[in-house]
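Below are the chains, spelled out letter by letter.
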Amino acid sequence: MRIVALAGGIGGARFLRGLRHTAPEADITVIGNTGDDISLFGLRICPDLDTVMYTLGGGINEEQGWGRADETFTLREELAAYEVGPAWFTLGDRDFATHIVRTQMLDAGYPLSAVTEALCDRWRPGVRLLPMTDDRVETHVVIEDDGGKRAVHFQEWWVRLHAGTPARSIAAVGADDAKPAPGVLEAIEAADLVVLPPSNPVVSIGTILAVPGIRAAVAAKTVVGVSPIIGGAPVRGMADACLTAIGVETSARAVAAHYGPDLLDGWLVDTADDGTAGDLDGIAVRARPLLMTDLEATADIARAALDLAEELRA
Ligand code: FO1
């Protein structure tokens, strides 16, 4: 079976671990969000690609869900001693190596897709990890505070401001001119089904779908999504702050409606939202426990998504 999954960071990566576990024989292609990417200290950092690569490759810092396990922070301390920032974005020594290798290859002219393939040669994630595009796309957030109205990089809003300052708007800068990375459209077209993991529907899944050509290609397939919202709140992260920014209610049903029946064929909601089950504009909604408490629970959720897709494909 050929599966394509659109993935952002922590929630998406954890879900993919369950998907790989429940369908070890499947050919899984992950299209990763690159809108969170940022250049710092002269290095290109791709948080969502790295989170998928480390999580599936066994190197992730499990509690944090991002960055490497067994980290040290000597470089960070030395940079701080030189008063070279930003201090609010924590990079460990092991993680720095990934960004150095990536930046060297980008500077040598390799596209991000080739760089990602090279990094995955080491990590062997057990899926094919493709960036959504090789072009530069960066999510920026317009905020208004006593400093006036200004756009800040998504990472500054997310990490330094903890999404505490309301976003007036969120823009995937460069998305309109971006092209899907090599292999992205082909993988979607060849897929038996597309899965939308419980990633952030705005800045992760939404950003991937904003790359011209990707949404239409996905919409042509059988698509099953997993709600990142349980009982009116995000399980992790601050998807509520992003949903509010685009005027979407923070509920499992509202996210399904936001994706739309042209895109979604099936939608898994948690039993806490069972009352809101019942199909939505033709989207088959099913309720089941959605907390990814451990690998088995996550594999069961992924299996439920595959089963729903099979039911809908028939
Ligand atoms: N998230 C934080 O909350 N604080 C950090 O200092 C931080 C550093 C960081 C470094 C590398 C990386 O790959 C991810 C990092 N993240 C950090 C997480 C990151 O902001 C999010 O994973 C995504 O961008 C949103 O999914």
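So, how was this worked out
Residues numbered from 1 in each chain as written. Predicted model: local features only at pLDDT ≥ 70, side-chain atom pairs only at ≥ 80, totals over all residues. Heavy atoms only, no water. Pairing = 2+ DSSP bridges. Helix = DSSP H or I, 4+ residues; strand = E, 2+ residues; numbered from the N terminus. Axes fitted to C-alpha atoms, helices over the stretch in contact; angles between N-to-C directions. Expected span 1.5 Å × (residues − 1). Buried < 20%, exposed > 50% of the residue type's maximum accessible area, 1.4 Å probe, protein only. Contact = heavy atoms within 4.5 Å. Polar contact = N/O pair within 3.5 Å; in protein donor to acceptor, adjacent residues only side chain to side chain. Salt bridge = Lys/Arg side-chain N within 4 Å of Asp/Glu carboxyl O.

- The chain goes by 2-phospho-L-lactate transferase in an unreviewed UniProt entry, where it is assigned to Actinoallomurus iriomotensis.

## Describing the sheet that holds strand β6 (residues 138–145)
Thought 1: Strands sit in the order β7-β6-β8 across an open sheet of three strands; the sheet is antiparallel. A single partner strand is all that each edge strand has here, and the edge strands are β7 (148–153) and β8 (167–173). Strand after strand, the sheet turns through a mean of 25 degrees between neighbouring axes, direction not considered.
Thought 2: Sheet analysis places β6 next to β7, joined by six bridges and oriented antiparallel.

## So, helix α12 (residues 295–313)
Thought 1: With 19 residues, α12 extends 27 Å from end C-alpha to end C-alpha; this agrees with the ideal 27 Å at 1.5 Å per step.
Thought 2: Turning to α12, its buried residues number three or more, namely Ala297, Thr298, Ala299, Ile301, Ala302, Ala304, Ala305, Leu306, Leu308 and Ala309.
Thought 3: Buried-residue contacts for α12 involve β1 (2–7), α1 (10–22), β9 (193–196), β10 (223–226), β13 (266–269) and β14 (284–287).
Thought 4: Capping the start of α12, Asp294 holds a side-chain oxygen 3.2 Å from the backbone nitrogen of Glu296, two or three residues further along.

## Here's the deal with the side chain of Thr207
Thought 1: Tracing the sequence through the fold places Thr207 in helix α8 (residues 205–209).
Thought 2: Residues within four places of Thr207 in sequence aside, it is in contact with Asn33, Gly35, Met132, Val137, Thr139, Ala172 and Val202.

## Observations regarding the pattern of salt bridges
Thought 1: Enumeration over the complete set of coordinates arrives at 14 salt bridges.
Thought 2: Salt-bridge contacts for Glu138 lead to Arg44; the nearest nitrogen and oxygen are separated by 2.9 Å. Taken together, the positions of Glu138 in strand β6 and Arg44 in strand β4 (residues 43–45) put the pair 94 residues apart, joining distant regions of the chain.
Thought 3: Classification of Glu138 as buried rests on a relative accessible area of 9%.

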